[in-house]
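Geometric and topological summary
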Amino acid sequence: MCPSFTLEEKRQPASTRYQRGKIRGLMSRLELPTRNTTLLHRIPFRAANLPEPPVDRPLDPILDALSFAEASALINALYRQAGIDPEEDEDDDE
């Protein structure tokens, strides 16, 4: 028997490598660990309306599991937390 997926779940694009790098970079600028999660990681996840990550788990698989939209929401939450205007971010590679 096939697993049941809704069309919306199937069509949700995955986060990009760029987004995951941007998340790690913003976390680093906020002095959040970028290897394992801590209680402090819950703040931006909550602000992005995402489930809180479990504490002391590798960050990479958590970021890899984000959809494109979820990663975008987390990036925006991290920018707000850092008090940085994304349009004026001098550390942006674009």
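Going by the structure above, here's the rest.
Every value quoted in this text rests on a predicted model; they were computed, and no experiment measured them.

For the rest of this paragraph, the subject is the overall build of the chain. Along the backbone of the chain there are five helices and zero strands. Walking the chain from its N terminus toward its C terminus, one meets helices and strands in the order α-α-α-α-α. Put simply, the chain has 94 residues, and 30% of those count as buried. Of the contacts formed within the chain by residues at least 6 apart in sequence, a portion of 59% connects residues at least 24 apart. Per element, the accessible surface of the chain, about 6600 Å² overall, is 50% carbon and sulfur.

Moving on to the nonpolar core. Within the largest apolar cluster, 17 residues are counted, with the highest numbers of intra-cluster contacts made by Ile23, Met27, Leu66, Leu74 and Leu78. For this core, the secondary-structure elements that each account for two or more residues are helix 2 (17–29), helix 4 (59–64) and helix 5 (68–82). Counting residues per element, this core draws most heavily on helix 5, which supplies six residues. Once residues within four sequence positions are removed from consideration, Leu66 is found in contact with Ala14, Ser15, Ile23, Leu50, Ala71 and Leu74.

Moving on, we come to the environment of Pro86. Relative to the helices and strands, Pro86 is located in the segment after helix 5. Residue Pro86 is classed as partly exposed on the basis of its relative accessible area, which comes to 35%. Separated by 11 residues in the primary sequence, Pro86 and Ile75 place their C-alpha atoms 9.3 Å from one another.

The backbone phi angle of Asn49 is positive, close to 60°, even though this residue is not glycine. Along the chain, Asn49 falls in the loop between helix 3 (42–47) and helix 4. Phi angles above zero are rare outside glycine, and Asp56 is one such case at about 60°. Mapping Asp56 onto the fold places it in the loop between helix 3 and helix 4.

The rules behind each value
Residues numbered from 1 in each chain as written. Predicted model: local features only at pLDDT ≥ 70, side-chain atom pairs only at ≥ 80, totals over all residues. Heavy atoms only, no water. Helix = DSSP H or I, 4+ residues; strand = E, 2+ residues; numbered from the N terminus. Buried < 20%, exposed > 50% of the residue type's maximum accessible area, 1.4 Å probe, protein only. Contact = heavy atoms within 4.5 Å. Areas by Shrake-Rupley, 256 points an atom, 1.4 Å probe, with all protein chains shown as cover. Core = buried A, V, L, I, M, F, W, Y, C linked by side-chain atoms within 4.5 Å.

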